[in-house]
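Spelled out from the first residue to the last, the chains are:
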Amino acid sequence: MEGKMSWTVSDAVDYKGFPADKSKTGGWLPATLILGIEISERLSTMGIAVNLVTYLTGTMHLPSSTSANIVTDFMGTSFLLCLLGGFLADSFLGRYKTIVIFALIQTLGTAALATSTKLPQLRPPPCDAAGCEQATGFQMGILYLALYLIALGTGGLKSSVSGFGSDQFDDKDEKEKAQMAYFFQRFFFFISLGTLMAVTVLVYIQDEVGRSWAYGICSVSMLITIIVLLAGTRKYRYKKSMGSPIVHIFQVVVASFRKRKMSAPFNIALLYEDTPEASRIAHTEQFGFLDKAAIVAEGDFEMSGSAAPNPWKLCSVTKVEEVKMMIKLLPIWATTILFWTTYAQMITFSVEQAATMQRNLGKFQIPAGSLTVFFVAAILLTLAVYDRLIMPLWKKWKGQPGFTSLQRIAIGLFLSTLGMAAAALFEMKRLSVAKAAGGGANARNLPISVFILIPQFLLVGSGEAFIYTGQLDFFITQSPKGMKTMSTGLFLTTLSLGFFVSSFLVSVVKKVTATGDSQGWLADDINDGRLDWFYGLLTILGVVNFAAYLVCTKWCKPKKPKQALQMSSINGNGTAGTNGFDNC
């Protein structure tokens, strides 16, 4: 019997609902099938995002700032919907069904986008001597429908793909635990690989063959990877749903608010605790008002058909401490949002800059959207240098396997600020050339090489390599074990809010700087505006944000787990342990 049990995973089941057999389920093969979905998702989302602004300005005839905001709102919504996808996966569907359903939704969205770019009735006529006619409300409505179907699909996929992939490894098995760490390293590599294919092959097809063909390829590739994913159904390990962490957080908040007038006991042993000893988290003094959720009061156990307490009235100390741990992540969360605002410029205004410059490489003309290949190349190169050079040297010097998560985030913020400073300087040069060339067609093909924009792509790309891995590491390792999905969603909301902050800044700057005879910094045509001043503003904000981040790291510095504290519950005495992760 013991031999049989050693071949099963305690917290996972197979497709029939039986304990998962290690010899028949999980491991690298199923995890690789899952990674295929991530490549297709990146191919679709990034292939659309990096070149969408040129379609909106050149084909739909929308103003520059409006086009940039449409792109950033689309990307922001994609990441924000990860919270919805995570909630559905944790509470109702499970990760496998969530991936399949939302992958089909994204396929439908890319097919709709391919149709909207193919039919002439769904776009305005080309510009003529009389001017350019903007897209109608109906035409934009169809485009929005397609984009937000894709955003919905992306949100559901990204919330579950990494988690479902890690489910294929048993973290209680040392060998499989090491494989899981390797899986997470390769997960970001596959994201970058999908993005690289998007900004090179897919963007080229959009510009030289046709957008409908490119988006059709996205639909076909996603369908193929869905079929591949379904083919591995018998091989996957499935984790049982533990309920949504969001609900648990609300339960603690509601319970503490209901008992706001009660005083917490002097002896913390009187607070309610029903969590198994091995999983308990020691009580802390911070955010003491939340402790009131664990005060036992009359009526807390009135729940029909169960001896357990009403979770909206009484929560265990461990659940309260989990919420406290999530709150402690918020300062770092808030100060990393601006990086993704900077990132948003790389797929909007930087692409518009490139569209006005000479992009010839011999007889071949580089698509404006494909310039982001330097951005992706910087990510891959930085990861390789960090993995093969920096980590070994740092281990010899400091005795640690690389930078800490907070150090990596700091490097990413610093590099992105330098990137915006470089962007401001090079935009000043581009504008001077545009002014000398005059208006009209001359301003569409300026006598200045597009390659002067490379430094801003390289700096921000290297910054993403550090900050993405740093954020993912920080939010996973510093969160409670039962809230890993929630903490990953919290990390992804920094991307979402970064794009929304970009849209907000663009709208505010356009309104504040526009005068009666001028469109301000962000004119409909970037050659008539002062995009360099906008980049300068982002540089200043980056410096202020970096200083705020350094202050936050002093308050939220990872600490070693404390020794277990003696605590008794109303059901009996026991030792309250830690959850096995460093607390912030």
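Residues numbered from 1 in each chain as written. Predicted model: local features only at pLDDT ≥ 70, side-chain atom pairs only at ≥ 80, totals over all residues. Heavy atoms only, no water.

1. Concerning the overall build of the protein
So, step 1. The secondary structure content of the protein amounts to 19 helices and 9 strands.
So, step 2. Overall, the protein is about 85 × 55 × 50 Å in size when its C-alpha atoms are taken along their principal axes.
So, step 3. Looking at the protein alone, contacts between residues at least 24 apart form 80% of all its contacts between residues at least 6 apart.
So, step 4. Surface exposure of the protein reaches about 25900 Å², of which carbon and sulfur atoms provide 65%.
So, step 5. Side chains of the protein carry 51 positive and 39 negative charges; the gap between the two charge centres is 3 Å. (Helix = DSSP H or I, 4+ residues; strand = E, 2+ residues; numbered from the N terminus. Contact = heavy atoms within 4.5 Å. Areas by Shrake-Rupley, 256 points an atom, 1.4 Å probe, with all protein chains shown as cover. Lys, Arg positive; Asp, Glu negative; His and termini not counted. Charge placed at Lys NZ, Arg CZ, Asp CG, Glu CD.)

2. Some thoughts on the nonpolar core
So, step 1. Residues I37, I347, F534 and Y535 are the most contacted members of the largest nonpolar core, which totals 114 residues.
So, step 2. Per-element accounting of this core gives the leading share, 13 residues, to helix α2 (residues 28-58).
So, step 3. Residue assignment places this core across two domains, with domain 1 (8-125 + 135-242) and domain 3 (324-513 + 520-557) each supplying three or more.
So, step 4. Ignoring sequence-local partners within four residues, the contact set of F534 consists of Q345, F349, L505, V506, V509, W521 and L522.
So, step 5. Counting 12 residues, the second largest nonpolar core, distinct from the first, contains V252, L290, A293 and V323. (Core = buried A, V, L, I, M, F, W, Y, C linked by side-chain atoms within 4.5 Å. Buried < 20%, exposed > 50% of the residue type's maximum accessible area, 1.4 Å probe, protein only. Domains from an automatic or database assignment.)

3. What to know about the pattern of salt bridges
So, step 1. Inspection of every chain in the model, using the stated rule, returns 13 salt bridges.
So, step 2. In this structure, D170 engages K22 in a salt bridge whose closest nitrogen and oxygen atoms are separated by 3.4 Å. In this pair, D170 sits in the loop between α7 (161-166) and α8 (174-208) while K22 sits in the loop between β2 (19-21) and α2, placing the two residues 148 residues apart along the sequence. We note that D170, like K22, is buried.
So, step 3. Two residues, K510 and D524, come together in a salt bridge whose shortest N-O distance is 3.6 Å. Remark: D524 occurs in the loop between α18 (484-513) and α19 (531-555) and K510 occurs in helix α18; sequence separation between them is 14 residues.
So, step 4. Take K510: its relative accessible area is 22%, and that puts it in the partly exposed class. (Salt bridge = Lys/Arg side-chain N within 4 Å of Asp/Glu carboxyl O.)

4. Re the packing of helix α4 (residues 82-93) against helix α5 (residues 95-118)
So, step 1. Direction vectors running N to C along α4 and α5 enclose 130°, while the axes themselves pass 8 Å from each other. With respect to their mutual orientation, α4 and α5 come out oblique. Note on packing geometry: the crossing formed by α4 with α5 is right-handed. For the pair α4 and α5, the contacting residues are G85, L88, A89 and L93 in the first and R95, K97, T98, I101 and F102 in the second. (Axes fitted to C-alpha atoms, helices over the stretch in contact; angles between N-to-C directions. Parallel < 35°, antiparallel > 145°, perpendicular 65-115°, else oblique. Left-handed = near helix turned anticlockwise from the far one by under 90°.)

5. Considerations on the domain arrangement of the protein
So, step 1. The domain architecture assigned to the protein consists of domain 1 (8-125 + 135-242), domain 2 (245-315) and domain 3 (324-513 + 520-557).
So, step 2. Here the C-alpha centroids of domain 1 and domain 3 sit 22 Å apart.
So, step 3. The contact between domain 1 and domain 3 buries some 3300 Å² in all, and 71% of this surface belongs to carbon and sulfur atoms.
So, step 4. The largest per-residue losses of area from domain 1 upon contact with domain 3 belong to S64, F79 and F188, which jointly make up 18% of the total buried on that side.
So, step 5. At the surface where domain 1 touches domain 3, the tally comes to 0 salt bridges. (Buried area = accessible area lost by both parts, 1.4 Å probe.)

6. Section: the state of the cysteines
So, step 1. Within this structure, the stated rule accounts for 1 disulfide.
So, step 2. In this model, C127 is linked to C132 through a disulfide, with the two sulfur atoms separated by 1.8 Å. On the sign convention where negative means left-handed, the S-S torsion of about 115° between C127 and C132 marks this disulfide as right-handed.
So, step 3. Judged by relative accessible area, C127 falls into the partly exposed class, the value being 40%.
So, step 4. C218 takes part in no disulfide bond, and the closest cysteine sulfur to it belongs to C82, at a distance of 18 Å.
So, step 5. By relative accessible area, C218 is classed as buried at 0%. (Disulfide = S-S within 2.5 Å.)

7. Examining the packing of aromatic side chains
So, step 1. Within this structure, the stated rule accounts for 26 aromatic pairs.
So, step 2. Aromatic pair W340 and Y343: ring centres 5.3 Å apart, planes at 65°, arrangement edge-to-face. Of this pair, W340 and Y343 both sit in helix α13 (residues 337-346), 3 residues apart, which is roughly one turn of that helix.
So, step 3. Looking at Y343, the relative accessible area reads 8%, which means it is buried.
So, step 4. On the basis of an interplanar angle of 40° and a centroid distance of 5.7 Å, the ring pair of Y386 and F403 is categorised as tilted. (Phe/Tyr/Trp six-rings, centres within 6.5 Å; stacked < 30°, edge-to-face > 60°.)

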